[in-house]
Amino acid sequence: MKRLLPLYAVAAFAFLHLPLLVLAVFSVNSSRFTVWQGFSLRWYEAALADAQLAQAAWNSLLIALAATVISTAIGTICAYGLWKGRSPVVSGSLYTTLVTPEIVMGVALLAFFQWAFRFLHVQLGMHTVVLAHVMFSVAYVVIVVMARLRTVDPALEEAALDLGGTEWDAFRLVTLPQLWPAVASAGLLAFTISFDDYVITSMVAGVDSETLPMVIYAMARRGANPVVNAISTMIVVGLGVLIVVSERLRTS
Amino acid sequence: MRRRTLFLMGLGGLSGCMRDTRPRLNIFNWSSYVGPETIPNFEREFNVRVRYAVYESNEEMLARVMSGNSGWDVVFPTSYLIDAMRSFELLSPLDHGRLPNLHHLDAPFKKPGWDPELRWGVPYMWNATGICHAAHRDVTAWGDLWAPDLQGRITMLDDPVDVFGACLKKLGYSINTRNPDELRKAQQEAVEQKEYLRAYINAEVRDQLIAGDVLAAQLWSTTAQQAIDESKRLAFCFPDEGYALYPDVAVVLRESKRAALAHEFLNYLLRPEVAAGVVKGARTACANGSARALLPEEIRNNETLYPPPHVLARGEWALSSTPEIQRLRDRLWTEIKSA
Amino acid sequence: MRRWFLAPTASMLAVLFFAPMLIIVAYSLLARGVYGGVTDDWTLESYRRLLDPLYGAILLRTLTLSTVATVLCLVLGFPLALFISRSGSRKNVYLQLVMIPFWTSFLVRTYAWMFLLRDTGLINSALLALGVISEPLPLLYNNGAVLVGLVYSFLPFVVLPLFATLERLDKSLLEAAADLGARPWEAVLRVVVPLCAPAFRAGAVLTFIPCLGAYLTPDLLGGGKTVMAGNLIQNQFTTARDWPFGSAVSLVLMAVVMVLLIVSMRSQREDLL
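Here's a quick rundown of the structure. Please read these numbers as outputs of a predicted model, since none were measured by experiment.

1. Observations concerning the overall build of chain C
No. 1: Scanning chain C for helices and strands turns up 13 helices and 2 strands.
No. 2: By its C-alpha atoms, chain C is 75 × 70 × 35 Å across when sized along the principal axes.
No. 3: The 273 residues of chain C split such that 53% are buried.
No. 4: Across chain C, contacts joining residues at least 24 apart in sequence account for 67% of those joining residues at least 6 apart.

In structure tokens, the structure reads:
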């Protein structure tokens, strides 16, 4: 048993990491097929030269930034509000958004936008994607910030109020500074979730708002393409770095 | 602090001014259906910017366009959808005054059955659906795709019209049948086939055919030719029982605010040299008679793209259905996919 | 004052979550237009169609695949969590090793399995090269591939709660078991596993519910054939253009998820929010 367990752990870690490592290895393979033919960066060059990919990556970045700022802001103050006094309705609703299957959320938002646009003369586009991303990110932000809030001493705020400050001052000057690492961590989390989303984005994206996951999905459907391997590796490394930084901030 | 903010805002404003102010045209087309230079040349000549995106199936396109608010200007439905799109007021009638190049069309496409006056769309390219298979296998009929020894190595198109077409032809019926019983029998055939079927996919199967993962695929002649270009070990056959023929038509959507520019684009596509460029790039058969003369010998006589008369005779042009039959087809298709 | 803090989130939820869900409820009760869209006729047709055994089979397949995936995750995840809880100072490193693949792109990870399982993918190429098989195995586009994809995606969800519980476990219990003559694996099976029951429940819920709603995994790894509920819903809203039916299926799926959630929450008190 003592020897089996580490062996099993090695196998389990291999299972978890091998697929991504394989992708990375074959992204530098000079051949199109899964036969090793020498080291080459041509697929990375092709990926970086592709105009559609560049546009999609730019769109993903803009959407993720916008969604992150909005969801982190309203999520943080929501967590604060929940900390000050429970609201089963808001908590329950946020929890429901977490468990709703993505495809159901996607079709619901699509139906809503289509219906609303009959009266508003707007089309699906970047703004609808940002709204959708805010919707599913807020719950995550609230969870992360709430976890940190539980370690904050309410007596500090009471002291501020006793000294003559308003409630807003108490929040801004006393509690918020303690929350910054958690807020930053939540923001990074929201960013990665938004950047990576495919299902909901594909339902509500418009003519101009093709995102990176959408392009990757289309290429993946067309069969194994080493360019997809190259992009995938870049994404994994990029998002991986962000997550590690986010974890460091959260636990600091 | 305030000065810096104003400065940054000024910069932002300037960058807004430097944005691209050329008129835009949004074109939604089948994948691999234009030549490499077709769109860039149009952009250069008319000094416009084209947003060009692709789809893999009529249904995908229709789902986006149905809302009447999709943002696209020009799309390329297959001819049998024209009636339906027209009834949903999705199409803008064509202004022949803006399309002087119409006379270049091939004779059969000047007064086509689905749109005798060419009021709604300009025929673009046409295709047939057959079977693209590994050359060493003897495949000549739809029936050959129900072979147990091809288990897991065959695919069919993710397109109800094509799947029903194959099954109906296998049973000896017309692909345009309006008989519910015949459609139900065709549905049963399709469900039986699912046992051997690898997947319902469209142009995506091209890579898998080339790699040898898939031995036989129901495929459009255009896509098949593209695959054969990349691998000499593939062949295409027009099944013995008969097959479906489809023209794809360029239409202007009613929601488009750039109808004039859209017409310019359609007129541009009708130019013989442009159409020839598309054929060479996309390996398709075009509806443009004048363009055919410009094509190199090997394409003009390519039997996959331009089948000889006796093979062409086995083909059947796809027509639209009545609303009730369309509803039945849609429902049967869901049942096939879910089985 | 507290109201102002909750207001943005509450209004966002109302507009972007509840309103859309209400529209879905409405759509599920309307009739389908000829080529798609909805008409103004109210009808229960969509729900009646759901009684067709064909769709019951899809729901059953969804439940079965989700259950098998969850059980596999629990069985495979427990020894891993056990190992990590016993690895002393390197616990955090191992935990990060488990989590990092999970937090990078879901789409990329699913694609990675497509790459591995294809006929000309790595696994088949390796087996062919080693002479173990003479023809490529059909590893992709079937239920098995979907299962692998699901387990791969949700294994970390199981490892974390199990680890959290195992870490807080009283080591003296295991010593006591050993003193009484139990072999190590017996001690684990008879003592540790039952004590981890709440963690197993938490992990099961965290895995089962997303599996029920899975769409991308069966779509890419199932080849358009393995239809789980998620695929059916997406299909109805896009190519089949039958929004009322798609809405009905969505609501049924939501109902199943909510019921499971309520049942699981009754047996444990989790206060995330």
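That was the structure; now back to the text.
2. Structural notes on the overall build of chain B
No. 1: Looking only at helices and strands, chain B has 15 helices and 11 strands in total.
No. 2: Over its C-alpha atoms chain B spans a radius of gyration of 22 Å, differing by no more than 12% from the 20 Å that the globule rule assigns to 339 residues.
No. 3: Its C-alpha atoms give chain B principal-axis dimensions of roughly 75 × 50 × 45 Å.
No. 4: Here chain B holds 339 residues, and the buried ones make up 60% of them.
No. 5: In chain B, of all internal contacts separated by at least 6 residues, the share reaching a separation of at least 24 is 75%.

3. Concerning the pairing of strand β1 (residues 24-30) of chain B
All names here are of chain B.
No. 1: Summarising burial for β1: 7 of the 7 residues are buried, a large majority.
No. 2: Two strands pair when backbone bridges link them, and β1 and strand β2 (residues 49-55) are joined in this way by 7 bridges, in the parallel orientation. Bridge pairing in β2 links Arg 24 to Arg 49.
No. 3: The parallel pair β1 and β2, bridged by helix α2 (residues 38-46), forms a crossover whose chirality is right-handed.
No. 4: Judged from the 2 bridges that link them, β1 and strand β3 (residues 74-75) form a sheet pairing that is parallel. Note that in β3 the partner of Ile 27 across the bridge is Val 74.

4. Here we look at the interface of chain B and chain C
No. 1: Across the boundary between the two partners, chain B contributes 27 residues, which contact 28 residues of chain C.
No. 2: Taken over both partners, the interface formed by chain B and chain C buries close to 2,600 Å², and the fraction arising from carbon and sulfur atoms is 52%.
No. 3: Applying the counting rule to chain B against chain C returns 0 salt bridges.
No. 4: Here chain B is connected to chain C by 1 residue pair in polar contact (both at pLDDT 80 or more).
No. 5: Of the residues forming the side of chain B that touches chain C, the biggest block, 9 residues, is contributed by helix α15 (residues 323-338) of chain B.
No. 6: Taken together, the residues that form the side of chain B that touches chain C break down as 11 nonpolar, 5 polar and 11 charged.

5. A short note on unusual backbone geometry
Residues and elements named next belong to chain B.
No. 1: One non-glycine residue, Ser 32, lies in the positive phi region at around 50°.
No. 2: Position of Ser 32 among the secondary structure elements: in the loop between β1 and α2.
No. 3: Positive phi, close to 55°, is recorded for Arg 283, a residue that is not glycine.
No. 4: Looking at the secondary structure, you find Arg 283 in the loop between α11 (272-282) and β10 (285-286).

6. A closer look at the interface of chain C and chain A
No. 1: Contacts between chain C and chain A engage 79 residues on the former and 83 residues on the latter.
No. 2: Here chain C meets chain A over a buried area of about 7,300 Å², counting both sides, of which 82% is carbon and sulfur.
No. 3: For the interface between chain C and chain A, the tally reads 0 salt bridges.
No. 4: Between the two partners, chain C and chain A, sit 8 residue pairs in polar contact (both at pLDDT 80 or more).
No. 5: Sort the elements by how many residues they give to the side of chain C that touches chain A and helix α1 (residues 2-28) of chain C lands first, with 17 residues.
No. 6: Within the side of chain C that touches chain A, the residues separate by chemical class into 60 nonpolar, 13 polar and 6 charged.

7. Regarding α2 of chain B
Residue and element names in this part refer to chain B.
No. 1: Along α2, the residues that are buried comprise Thr 38, Ile 39 and Phe 42. Mapping the buried residues of α2 onto a view down its axis gives an arc of 95°, with all of them on the same face.
No. 2: Looking at the buried residues of α2, the elements they touch are β1, β2, α10 (259-269) and α11.
No. 3: With its phi angle positive at about 55°, Asn 47 sits one or two positions after the end of α2.

8. Brief notes about the nonpolar core
No. 1: Grouped together as the largest cluster of nonpolar side chains are 168 residues, with contacts concentrated most on Phe 78, Leu 80 and Ile 84 of chain C.
No. 2: When residues of this core are assigned to their parent elements, the largest contribution, 14 residues, is made by helix α6 (residues 126-149) of chain A.
No. 3: Beyond its immediate chain neighbours, meaning those up to four positions away, Ile 84 of chain C contacts Phe 13 of chain A together with Lys 91, Tyr 94, Leu 95, Val 98, Val 159 and Phe 163 of chain C.
No. 4: Ranked by size, the runner-up nonpolar core spans 119 residues in total, among them Ala 53, Leu 94, Leu 157 and Leu 261 of chain B.

Rules used in this analysis
- Residues numbered from 1 in each chain as written.
- Chains lettered and ligands numbered in written order.
- Predicted model: local features only at pLDDT ≥ 70, side-chain atom pairs only at ≥ 80, totals over all residues.
- Heavy atoms only, no water.
- Helix = DSSP H or I, 4+ residues; strand = E, 2+ residues; numbered from the N terminus.
- Buried < 20%, exposed > 50% of the residue type's maximum accessible area, 1.4 Å probe, protein only.
- Contact = heavy atoms within 4.5 Å.
- Rg over C-alpha atoms; globule rule 2.2 N^0.38 Å.
- Pairing = 2+ DSSP bridges.
- Right-handed = clockwise from strand over helix to strand, strands pointing away.
- Buried area = accessible area lost by both parts, 1.4 Å probe.
- Salt bridge = Lys/Arg side-chain N within 4 Å of Asp/Glu carboxyl O.
- Polar contact = N/O pair within 3.5 Å; in protein donor to acceptor, adjacent residues only side chain to side chain.
- Nonpolar A, V, L, I, M, F, W, Y, C, P; charged D, E, K, R; others polar.
- Arc of directions from axis to C-beta.
- Core = buried A, V, L, I, M, F, W, Y, C linked by side-chain atoms within 4.5 Å.

So far we have only geometry, and geometry alone does not tell us how the molecule works.
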